[in-house]
Number of protein chains: 2
Amino acid sequence: MKTFAPRGTTEQIEEGRVFAPKFDADGLIPAIVADAWSGEVLMLAWMNDAALAKSIETCEAWFYSRSRGALWKKGETSGHVLRILEMRVDCDQDALLLRVEQAAPGTCHTGRASCFYRAVSLREPAGHTLVLQFKKAERVFDPAAVYGGE
Amino acid sequence: MKTFAPRGTTEQIEEGRVFAPKFDADGLIPAIVADAWSGEVLMLAWMNDAALAKSIETCEAWFYSRSRGALWKKGETSGHVLRILEMRVDCDQDALLLRVEQAAPGTCHTGRASCFYRAVSLREPAGHTLVLQFKKAERVFDPAAVYGGE
């Protein structure tokens, strides 16, 4: 039972108008989430077939949690629903980009605006000593209040 | 032989200053590439341990090709090298965001500026008939000239 169109030739996949997303061996496709207005990349999450179908039908972002093994609607607990204004697919149709409007600021479960709040030190030999720098790491909501503590 | 630090507790991973990236079962981590100046999301690619180490050391983007099973430097053939101005890691350290400066316009091998040049039709029952709309799909370089034909 496949919801979406089967994969075609490379030409059809890259230059065609049929949506034929490629799910990986675990049945998942990565979805980049960016703020539609600022362009800021907020998070990367995963969709299975059902999450993708629900996201397309409702224009709200649904994902598949690999750790919990379950479908989840972003904002179900926090109220921070993501309204999808546009969904793009990449050349080989194995990655998605959602341009979203946030119902409330703060996409990361830690309370930050974006999940990408730390930078990796560059121009160094890679190793166990690589240090992260906090960037734009102020919290825009209190996770304990929103998620009801630990 | 692990190049990077081992994973710690959730608190250490999310709030710590040690870079401890999580590679998946295939030894890969997804890397979102965005233009540092416009913020535009250009592509999603994969890094293994070696590609990540080389990217950090050289500040040029190296990836791992799942189809070819090999390390590759973006721009090796095309000259369209990506200079990494900043590398971010997400809360659970299993996704990267590279903010890059492009040596030449056009990141997608099809000649487009971004790999995300088509939009998925929304608010429809998901199915085999979902149609893609081309958006910003003009070519900024000629792939045949850059890659030497098919």
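Since the model is a prediction, treat every value here as computed from it, not as a measurement. (Residues numbered from 1 in each chain as written. Chains lettered and ligands numbered in written order. Predicted model: local features only at pLDDT ≥ 70, side-chain atom pairs only at ≥ 80, totals over all residues. Heavy atoms only, no water.)

K.L.:
Would you mind going over the interface of chain B and chain A with me for this structure?
P.N.:
By convention, interface size is frequently given as the accessible area that disappears when the constituent parts associate. Chain B puts 62 residues into the contact, and the matching count from chain A is 62 residues. When chain B packs against chain A, close to 5,400 Å² is buried across both sides, 60% of that on carbon and sulfur atoms. At the boundary of chain B with chain A, the tally comes to 8 salt bridges. The partner of E15 of chain B in a salt bridge is R112 of chain A, and the shortest N-O contact between them spans 2.8 Å. The tally of links from chain B across to chain A stands at 34 residue pairs in polar contact (both at pLDDT 80 or more). (Contact = heavy atoms within 4.5 Å. Buried area = accessible area lost by both parts, 1.4 Å probe. Salt bridge = Lys/Arg side-chain N within 4 Å of Asp/Glu carboxyl O. Polar contact = N/O pair within 3.5 Å; in protein donor to acceptor, adjacent residues only side chain to side chain.)

K.L.:
Explanation requested: the UniProt feature "binding site: Mg(2+)" (unreviewed entry) in chain A in the structure shown.
P.N.:
Mapped onto this numbering, the UniProt entry gives "binding site: Mg(2+)" (unreviewed entry) at D90, D92 and D94 of chain A. Exposure remark for D92 of chain A: the relative accessible area of 28% places this residue in the partly exposed category. Excluding residues within four positions of it along the chain, D92 of chain A makes contact with R7 and I13 of chain A. Inspection of the secondary structure assignment puts D94 of chain A in the loop between strand 5 (82-89) and strand 6 (96-102). Here D94 of chain A is in contact with K22, I29 and P30 of chain A together with R66 of chain B, once residues within four sequence places are set aside. (UniProt positions renumbered as here; feature names shortened; annotations may be inferred. Buried < 20%, exposed > 50% of the residue type's maximum accessible area, 1.4 Å probe, protein only. Helix = DSSP H or I, 4+ residues; strand = E, 2+ residues; numbered from the N terminus.)

K.L.:
Even after reading the chapter, I still don't get the relation of the copies chain B and chain A, so can you show me in this structure?
P.N.:
Copies of the same chain, two in number, are related to each other by a rotation about an axis and a translation along it. You can overlay chain B on chain A at an RMSD of 0.0 Å; the transform is a turn of 180° with a shift of 0.0 Å along its axis. The superposition of one copy onto the other is thereby described by a two-fold rotation axis. Rotation axis and chain B: the residue whose C-alpha lies nearest the axis is G39 of chain B, separated from it by 3.0 Å. With an isologous cut-off of 70% or more, the 100% of interface residues of chain B that recur at the interface of chain A puts this contact in the isologous class. (Least-squares fit on C-alpha atoms with pLDDT ≥ 70 in both.)

K.L.:
Help me understand the packing of aromatic side chains in this model?
P.N.:
Each aromatic ring pair is summarised here by two numbers: the centre-to-centre distance and the angle between the ring planes. All names here are of chain A. Counted according to the given criterion, the structure contains 11 aromatic pairs over all chains. Three or more aromatic residues link up through ring pairs in this structure, and these residues are F4, F19 and F23. The ring of W62 carries the charged tip of K54 above its face, separated from the ring centre by 4.7 Å. Between R112 and the ring centre of Y117, over which it is positioned, the NZ or CZ distance is 4.0 Å. (Phe/Tyr/Trp six-rings, centres within 6.5 Å; stacked < 30°, edge-to-face > 60°. Lys NZ or Arg CZ within 6 Å of the ring centre and 35° of its normal.)

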